Amino acid sequence: RKFLDKEVIAMNYWIIQIIGFIGVFFFMMSYQVKSNKMLFVMQIAGCFVFCVQLGMLGAYSGCLSLVVLVVRNIMLTRYEQWEWVRWKGWAIIFSLIIVVLTIITWDGPVSLLPCIGGISGTLACWTNNAKIIRINNLFINSPCCLIYDVIFASWGGVINEAISIISIIVSIIRFGWKALDGDKVE
């Protein structure tokens with residue numbers, strides 16, 4: 001917040017919030033498409049839109065973490081096709097980049113939220129295990145993002161994370177933890 005003039009945010013408040021709701025739209029649509037590839041494409045678009053919104057809100061730690069996640073997700077769309085993408089070292093590289101960007105954009109302890117969420121999500125994604133990814137999103141990634149979105153008034157982000165948390169809980173109720181064992185993301 002210290003990087004961006006509060007008057008600029010106030011003048012563009014509704015535009016910034018509309019951008020966030022466009023991000024919510026992309027994430028909601030990602031679950032309505034048939035192919036996994038289109039699911040990832042829609043989620044990449046949603047991350048990009050939230051990246052723009054957080055940048056406009058002066059939430060630079062979250063914004064730049066999302067840039068890294070967009071690149072990560074583009075790679076993950078080819079997890080099964082490209083063997084080099086499955087290299088576990090990518091998770092460490094992306095995590096280190098997120099740490100460096102957090103240090104560069106440090107805005108106090110609040111900057112730890114997208115850092116922790118981004119790193120935990122990255123490590124979970126490279127397991128390629130749906131159960132681990134859901135557990136991470138339920139207990140670490142989504143709560144960190146939800147709190148960060150509340151602090152920076154990204155109301156679309158708040159709604160998006162609330163929907164994610166509810167969706168994960170519903171999937172656990174519907175399928176149970178046991179059904180998710182060994183489930184690979186393809």
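Structure first, text after, so check above.
The following refers to the structure shown. This one's a predicted model, so the numbers in the text were calculated from it and none came from an experiment.

About the criteria used
- Residues numbered from 1 in each chain as written.
- Predicted model: local features only at pLDDT ≥ 70, side-chain atom pairs only at ≥ 80, totals over all residues.
- Heavy atoms only, no water.
- Helix = DSSP H or I, 4+ residues; strand = E, 2+ residues; numbered from the N terminus.
- Buried < 20%, exposed > 50% of the residue type's maximum accessible area, 1.4 Å probe, protein only.
- Contact = heavy atoms within 4.5 Å.
- Areas by Shrake-Rupley, 256 points an atom, 1.4 Å probe, with all protein chains shown as cover.
- Phe/Tyr/Trp six-rings, centres within 6.5 Å; stacked < 30°, edge-to-face > 60°.
- Lys NZ or Arg CZ within 6 Å of the ring centre and 35° of its normal.
- Expected span 1.5 Å × (residues − 1).
- Core = buried A, V, L, I, M, F, W, Y, C linked by side-chain atoms within 4.5 Å.
- Polar contact = N/O pair within 3.5 Å; in protein donor to acceptor, adjacent residues only side chain to side chain.
- Axes fitted to C-alpha atoms, helices over the stretch in contact; angles between N-to-C directions.
- Parallel < 35°, antiparallel > 145°, perpendicular 65-115°, else oblique.

A look at the overall build of the chain
For step 1, the next point in the chain: Tallying secondary structure elements over the chain gives eight helices and zero strands in all.
For step 2, the next point in the chain: In sequence order, the secondary structure elements of the chain are arranged as α-α-α-α-α-α-α-α.
For step 3, the next point in the chain: Residue burial in the chain is summarised as follows: out of 186 residues, 47% are buried.
For step 4, the next point in the chain: Pairs at least 24 apart in sequence give 68% of the contacts found in the chain among residues at least 6 apart.
For step 5, the next point in the chain: Total accessible area on the chain is roughly 9,800 Å²; 73% of this is exposed by carbon and sulfur atoms.

Considering the environment of Val52
For step 1, the next point in the chain: Note on placement: Val52 falls in helix H3 (residues 36-56).
For step 2, the next point in the chain: As a C-alpha pair, Val52 and Cys63 span 11 residues in sequence and 7.0 Å in three-dimensional space.

A closer look at the packing of aromatic side chains
For step 1, the next point in the chain: For the structure on display, the rule yields nine aromatic pairs.
For step 2, the next point in the chain: Here the aromatic rings of Trp84 and Trp90 are separated by 5.9 Å at their centres, their planes lie at 65 degrees, and the arrangement is edge-to-face.
For step 3, the next point in the chain: An aromatic cluster of three or more residues is present, and its members are Trp82, Trp84, Trp87, Trp90, Phe94 and Trp126.
For step 4, the next point in the chain: The ring of Trp82 has Arg78 sitting right over it, with the charged end atom 5.5 Å from the ring centre.

Considerations on helix H6 (residues 112-125)
For step 1, the next point in the chain: Here H6 contains 14 residues, and its C-alpha end-to-end distance of 20 Å stays within 8% of the 20 Å for a straight helix at 1.5 Å per residue.
For step 2, the next point in the chain: Of all the 14 residues making up H6, 10 are buried; the element is thus mostly covered by neighbouring parts of the structure.
For step 3, the next point in the chain: What H6 keeps buried is the set Leu113, Pro114, Cys115, Gly117, Gly118, Ser120, Gly121, Thr122, Ala124 and Cys125.
For step 4, the next point in the chain: Check the buried side of H6 and you find it contacts helix H4 (60-76), helix H5 (89-104) and helix H7 (130-151).

Let's talk about the nonpolar core
A general tendency of soluble globular proteins is for nonpolar side chains to be buried together.
For step 1, the next point in the chain: Ranked by size, the top nonpolar core spans 31 residues in total, and within it Leu54, Leu66, Trp126 and Tyr148 carry the most contacts.
For step 2, the next point in the chain: The set of elements that each furnish at least two residues to this core consists of helix H2 (13-30), H3, H4, H5, H6 and H7.
For step 3, the next point in the chain: At seven residues, the largest contribution of residues to this core is made by H4.

Examining the side chain of Ser61
For step 1, the next point in the chain: Structurally, Ser61 is set in helix H4.
For step 2, the next point in the chain: For Ser61, a relative accessible area of 4% gives the class buried.
For step 3, the next point in the chain: Within the local environment of Ser61, its side chain forms a polar contact with the side chain of Thr105, the two groups lying 2.7 Å apart.
For step 4, the next point in the chain: Those residues within four positions of Ser61 in sequence are excluded, and the remaining contacts are Thr102, Thr105, Trp106, Ser111, Pro114 and Tyr148.

Regarding H5
Owing to its 3.6 residues per turn, the α-helix aligns residues three or four sequence positions apart on the same side.
For step 1, the next point in the chain: Taking 1.5 Å as the rise per residue, H5 with 16 residues should run 22 Å; its terminal C-alpha atoms sit 23 Å apart, in good agreement.
For step 2, the next point in the chain: Among all positions in H5, only Gly89, Ala91, Phe94, Ser95, Ile98, Leu101 and Thr102 are buried.
For step 3, the next point in the chain: Taken together, the buried residues of H5 touch H4 and H6.

A look at the packing of H4 against H6
For step 1, the next point in the chain: Direction vectors running N to C along H4 and H6 enclose 10 degrees, while the axes themselves pass 9 Å from each other. The angle between the axes of H4 and H6 places the two elements in the roughly parallel class. Taken together, the residues of H6 that come into contact with H4 (itself represented by Ser61, Gly62, Ser65, Leu69, Arg72 and Leu76) are Pro114, Cys115, Gly118, Gly121, Thr122 and Cys125.

Re the environment of Asn137
For step 1, the next point in the chain: Relative to the assigned elements, Asn137 resides in helix H7.
For step 2, the next point in the chain: Considering only alpha carbons, one finds Asn137 and Ile168, 31 residues apart in sequence, at a separation of 8.0 Å.
For step 3, the next point in the chain: Among the polar contacts made by the side chain of Asn137, one reaches the side chain of Asn136 at a distance of 3.4 Å.
For step 4, the next point in the chain: At 3.2 Å, the side chain of Asn137 and the side chain of Asn141 are in polar contact.

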